[in-house]
Amino acid sequence: MSIKLRGPDDVEKSGLGRDFWWVFAASTCLTLVNGAAAALLARYAIHELGATAGTVGLLVGSSSVVAIVLRPVLGSLADRYGLRRVTALGTITLAFGLVILMLAAGLAAGTAGRLVMGLSTAASTTALLAWVVALVPTEQRGRALGIFGVSVWAGLAAGPQLGQVLVSLGGYSALWIGCAVLGLAAGGFAMRARAPRI
């Protein structure tokens, strides 16, 4: 009689395992940041950075342009150097970009912060998605990715409310500092997960 040992990603009754839920938590933190920042960014740009209706789109959209360009590159870097390093790059640069945004005295500096945040988004979202695929057995990947998607939409749904609460408590500085802390927490959660080679 043969005995089949269950792998570490199969320890929970859900079949997804503890490592999956660490990655899920990291993704939730990051999308909370995205939701909070996106909801209040235009207002911040106009009231604090002197943006106009014509230039505010530059600030808001700049991070997305960087993410589009860099995602394939960072995916290749994750293959070469590992998921942990690329995720760490994403979460650390997120905090750095938020600090630049908080200290910005004008539109140019604010846009620079957003460009750094675009690098962060490209790194962390690419690495975390690859992490899920690497952790979960082939026959459960559709289900796992569906559940993982909940982390994205839950964060985007709750983020604007969180952002508004932070601003009401301590202004925009509280918003950016709170988001930076969430970003670093995301990195901490991800580092708890096993990172298979991909």
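Higher on the page you've got the structure.
Another aspect to go through is the overall build of the protein. Assigned secondary structure in the protein consists of five helices and zero strands. Sequence-ordered secondary structure for the protein, helices as α and strands as β, is α-α-α-α-α. Compactness check: the protein gives a C-alpha radius of gyration of 18 Å against a globular reference of 16 Å for 198 residues, within 12% of the reference. Projecting the C-alpha coordinates of the protein onto the three principal axes gives extents of approximately 75 × 35 × 25 Å. Out of the 198 residues in the protein, the part that is buried amounts to 45%. Taking contacts inside the protein between residues at least 6 apart in sequence as the whole, the part at least 24 apart equals 79%. A total accessible area of about 9,600 Å² is found for the protein, and carbon and sulfur atoms account for 68% of it.

So, on to the side chain of S27. Inspection of the secondary structure puts S27 in helix α1 (residues 18–48). The class of S27 is buried, set by a relative accessible area of 5%.

So, about α1. For α1, which comprises 31 residues, the first-to-last C-alpha distance of 43 Å matches the rise-based estimate of 45 Å (1.5 Å per residue) to within 8%. Maximum bend of α1: about 45°, positioned at L41. Of the residues trailing α1, G50 is marked for its positive phi of about 75°.

As for its placement among the helices and strands, S120 is situated in helix α4 (residues 107–135). Residue classification places S120 among the buried positions, given a relative accessible area of 2%.

Before going further, it helps to spend a moment on the environment of I46. Inspection of the secondary structure assignment puts I46 in helix α1. Residue classification places I46 among the partly exposed residues on the basis of a relative accessible area of 40%. Along the sequence, I46 and V56 sit 10 residues apart, while their C-alpha atoms lie 7.0 Å from each other. Sequence-distant contacts of I46, that is, excluding residues within four places in its chain, are made with A51 and V56.

To continue, consider the packing of α4 against helix α5 (residues 141–191). At a minimum axis separation of 9 Å, α4 and α5 run at an interaxial angle of 150°. Between α4 and α5, the angle falls in the class roughly antiparallel. At the point where α4 passes α5, the crossing takes the right-handed sense. Across from L128, L129, W131, V132 and V133 in α4, the residues of α5 making contact are R141, A144, L145, F148, A190 and M191.

What follows concerns the nonpolar core. Judged by nonpolar contacts, the single largest core of 52 residues is most densely connected at F20, V23, L98, L128, W131, L175 and W176. Those elements that place two or more of their residues in this core are α1, α2 (56–81), α3 (83–103), α4 and α5. With 14 residues, α1 is the single largest residue contributor to this core. With residues up to four places along the chain from it excluded, the contact list for L98 reads V33, M117, W176, C179 and A180.

Criteria and cut-off values
- Residues numbered from 1 in each chain as written.
- Predicted model: local features only at pLDDT ≥ 70, side-chain atom pairs only at ≥ 80, totals over all residues.
- Heavy atoms only, no water.
- Helix = DSSP H or I, 4+ residues; strand = E, 2+ residues; numbered from the N terminus.
- Rg over C-alpha atoms; globule rule 2.2 N^0.38 Å.
- Buried < 20%, exposed > 50% of the residue type's maximum accessible area, 1.4 Å probe, protein only.
- Contact = heavy atoms within 4.5 Å.
- Areas by Shrake-Rupley, 256 points an atom, 1.4 Å probe, with all protein chains shown as cover.
- Expected span 1.5 Å × (residues − 1).
- Bend = angle between axes of the 7 residues up to and from the residue.
- Axes fitted to C-alpha atoms, helices over the stretch in contact; angles between N-to-C directions.
- Parallel < 35°, antiparallel > 145°, perpendicular 65-115°, else oblique.
- Left-handed = near helix turned anticlockwise from the far one by under 90°.
- Core = buried A, V, L, I, M, F, W, Y, C linked by side-chain atoms within 4.5 Å.

These figures capture arrangement, not role.
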